[in-house]
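Coordinate inspection notes
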Amino acid sequence: MADLVKLTIDGKALEVEPGTLVIDAAKRVGIEVPAFCYWEGLSLQAACRMCLVEVEKAPKLMTACTLPAAEGMVVRTETPQVAQARKSTLEFLLTNHPLDCPVCDAGGECELQDMVFRYGAGESRFQETKYHVEEKQWSPVVFFDRPRCILCFRCVRICDEGLGVRALGIVNRGVTSEIAPNRGDHLECDECGACIDICPVGALNSGIYRYRTRPWEMDHAGTICTHCSNGCKTTLGVRGGTRIIRGNNRDRSGINGEFLCIKGRYAYDFYNHPERLQSPLMRRNGKLEPVSWADALSAVARRFSETKERGGKFAVIGSNHTTNEENYYLQKFARQVLGTGNIDHHRTGDAAALREALQGAPGSLATVSDLYGRKAVLVIGAHLALEQPLLAFTLRANYRHHQARVYVVTEGPVREDKIAAVSVRAERGRELEALESLREPLRGEPELVILFSDAIQGEAVGKLVSFGRSLGIPVQYVCLLDYSNSRGAVDMGLVPGAGGLELDEMKAAQDIDVFWVVGANPFESGRPAAKDAFLVVQDLLPTETVQLADVVLPAASRYEKAGTVTSVTGEVQGFRAAVQVMGAKPDLEIIGLIGKQMGVAAGMGPWSPEAVFEEIRKTVPGYDLPPAVIAAGGAAQAVWSDGAAGGRRRTGTVRSDRNGLFASGTLGRYSKILHSVLESRLDGRS
Amino acid sequence: MLSAAEREEIEQVLKHYPVRDSVAIDALKIVQRHRGWISDETLKEVADFIGMTPADLDGVATFYNLLFRKPVGRHVIALCDSVSCWIMGYEGIREYLSSKLGVGYGQTTADGRFTLLPIVCLGACDRAPVLMVDGDTYGGLTPAGLDGILERYR
């Protein structure tokens, strides 16, 4: 590494790596240089002129966002001259900017407003009529109000560089310049809304949020998106403890930074779907009828106890969405109380086979920061940009910032082709053969991360790992999974024990006496073979499985409970309840109450998320993680080590739902917003 | 669809550049020569051909005054609308042209002969007021002299 550069900013001496921009160097010593157009990680624009600073021996003010730190540089960020320059810049920015802050969505969290407040540009010398054009609606979720735009081009850059979508451009010139989508009047893009959050003013508005509240009237709850497996943090703005007004990640916390896709930002709306289950239901005379919690729980407890006493057969099906605590508690309940090893969940990637193949090579699982930092990445069998949006975003950032070499083996064209050193097309099931053509270039890499979908499963996983070993370089893996706690479900042991039935076997078995389904829809396409089995279902919404149930227990969604989940890359993150929905209870509490009713609660231990997490720390390999880090909103890395729970698949197949950006399994069906955008109909998979 | 001739001409220019985007302005000029103006459809065809997004290419097309994003007449009169010309009698020239042709800025005569547009400084301040018809610049304008200039363009 080259020598560090020494400089002084506002009298504070510091050392930074060569090439560090003054604006970033200042941040390290706690000095914020204001900027509208600068955005860490995107290309430089130097359009707004807000970050002007005084540099000793330089004849005039310099833009801190484009100025690399140099040896001996003396920078002053808040002199009268700088303040005057910023005040003038603001006066120019306000030339045509409407002063409609009282009705603007950004009012209260607007960077321009904050800066005018700070530098006191309260009076304008411009008396000309302001240039005005009408507001435009680009899609159900994105509105553009040109007069408020200060032309910082953050939106254009995040869409192009960050998302790789390139939906936006700049048309016209000078005062009439305008952000415009490719189709002129409407967007055709990922509808992720990144442009809205990155907008420093109120020019880009969310169709869901606009005119519904003032920002300071909301409570904010940090949660982890309940949809895909990538584990994005989404901060929900809530009013009155019952209404979610918006989702975003404006504070760039969590593993996702500024990233969220349409699901994380908008698709929380299933929580108040008109069909949401809010009362326990029991089948009477063939019909599901509302009953009290007490009646429902005692009916379930009675049936569980009876079945256990006469040695009947249980089948327990867990969820890809429920928390680690719930999954752990459920499998413990099944094993200890019900005494069954018939426990499984819908597996969307062959994580268990990967774990087995990697025995003896701990540390071979890539994290999201590996994906950002490693020199080479190989993607097998997945359209990353659509199926694993944060991983795709991270990979693009790696390519942009570190020139990572990307290799792609997929059936058809994918967005990653654009950044790929080599793209290979391979029919489904022939990916491993196609991989041979990449052997030589991969050997030349210093290190590699391999991401693979359900295209590689069973024995093929072992072959892939052998291929990785044969390259003679350090190789890490990510087994791609579909849902927000798919990884946690495997880690917590929602997999059959020795002699236990797998999901497909449970569905096909004639002799199951009791099915207990927690947050899953296993009977989407047909009844179980055991027609007379007693079916207990815990869920949010009237899925096909709920329709078949004998007892339905209304469950709380992700956004109504606390707990932790594990992302596909192993980051364990916590969340707390954002809202309450009347009638629904968290699955953990429901399981606890069933145990209480059965008189086994003492043996199961308390059902608070904190207590169960403590138990997980002690008993689940790789999960002895610091609770303080998680409680503070950080991500703790689960270490997938030898000896973790088994669950290798014997029969049947692992099946990914291949959700695109506008689908999310059964849950996605109940999000109106996901289906409101044009692209959801263009994308054949939703 | 871009015609074979258009593609060929664009490919010729492309030889001068290391990256495809660089040909944007030339490509737009070429198709405008063939088609008179650049429609949304044309813009998309050119964008696809050179590998840019329509929004990016439109940024180029709308930036330059002499690339037309709306239909124009057979000849385009670009009257210099900058400070030197304002001082030297621009108003009289503009009024004469408008009344003579019966059109304002941005409009085309009914017979499709002329389109009248304002333009930023033509860089011929020493001869102000100045205008440009198609590629030809005329300076030292007087209302009386305009008829003779217009006569040259049928």
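Here the residue numbers are simple positions, counted from 1 along each chain's written sequence. Written order determines the labels here, with chains lettered from A and ligands numbered from 1. Local features are withheld for residues below a pLDDT of 70 in this predicted model, meaning they are given only at 70 or higher, and side-chain atom pairs are given and counted only at 80 or more; totals for whole chains, interfaces and linings count all residues. Neither water nor hydrogens contribute to the side-chain values; these are computed over all heavy atoms in the structure.

Here we come to the packing of aromatic side chains. All names here are of chain A. In summary, the pairing rule links any two rings of Phe, Tyr or Trp, Trp by its six-membered ring, whose centres are within 6.5 Å, and it sorts them by plane angle into stacked for under 30 degrees, edge-to-face for over 60 and tilted for everything else. Enumeration over the complete set of coordinates arrives at nine aromatic pairs over all chains. Taking the centre distance of 4.8 Å and the plane angle of 20 degrees together, the rings of tryptophan 138 and phenylalanine 144 count as stacked. When accessible area is computed with a 1.4 Å probe and restricted to protein chains, residues below 20% of their type maximum are described as buried, those above 50% as exposed, and intermediate ones as partly exposed. Classification of tryptophan 138 by relative accessible area gives buried; the value is 2%. Measuring from ring centre to ring centre gives 5.2 Å for phenylalanine 515 and phenylalanine 523, while their planes differ by 85 degrees; the resulting arrangement is edge-to-face. Each member of the pair, phenylalanine 515 as well as phenylalanine 523, carries the same accessibility label: buried.

Residues and elements named next belong to chain A. Segmentation into domains, and thus their bounds, comes from an automatic or database assignment. As far as domains go, chain A holds domain 1 (5–78), domain 2 (111–272), domain 3 (281–348 + 486–673) and domain 4 (351–479). Distance from the C-alpha centre of domain 3 to the C-alpha centre of domain 4: 31 Å. Any two residues whose heavy atoms approach within 4.5 Å are treated as being in contact. Facing 25 residues of domain 3, the contacting portion of domain 4 comprises 29 residues. For this document, the term salt bridge refers to a Lys or Arg side-chain nitrogen within 4 Å of an Asp or Glu carboxyl oxygen. Across the contact surface, domain 3 and domain 4 share three salt bridges. We call two N or O atoms a polar contact when they sit within 3.5 Å, provided that within protein one can donate a hydrogen and the other can accept it, with sequence-adjacent residues counted only if both atoms are side-chain atoms. Run the count over domain 3 and domain 4 and you get eight residue pairs in polar contact (both at pLDDT 80 or more). Only DSSP runs of H or I reaching four residues or more are called helices, and only runs of E reaching two or more are called strands; each is numbered from the N terminus. Looking at the side of domain 3 that touches domain 4, the element that brings in the most residues is helix α16 (residues 486–491), giving three residues.

This part covers the interface of chain A and chain B. Contacts between chain A and chain B engage twelve residues on the former and 14 residues on the latter. Accessible area that two parts lose when put together, evaluated with a 1.4 Å probe and summed over both, is termed the buried area. Interface of chain A and chain B: buried area, both sides summed, is about 920 Å²; carbon and sulfur atoms make up 48% of it. Summed over the three residues of chain A that lose the most area to chain B, namely Arg166, Arg173 and Asn182 of chain A, the buried surface amounts to 58% of that side. Run the count over chain A and chain B and you get one salt bridge.

Moving on: a nonpolar patch on the surface. Residues and elements named next belong to chain B. Distance thresholds for patches are 9 Å for like charges and 5 Å for nonpolar side chains (Val, Leu, Ile, Met, Phe, Trp, Tyr), applied to residues having over 30% relative accessible area and no salt bridge. Using a 1.4 Å probe, the Shrake-Rupley method yields the accessible areas, and only the shown protein chains count as cover for residues. Side chains of Val83, Trp86, Ile87 and Met88 sit close together on the surface and give an oily, nonpolar patch of about 460 Å² of accessible area. In this structure, isoleucine 87 sits in helix α5 (residues 83–87). A relative accessible area of 66% means that isoleucine 87 is categorised as exposed.

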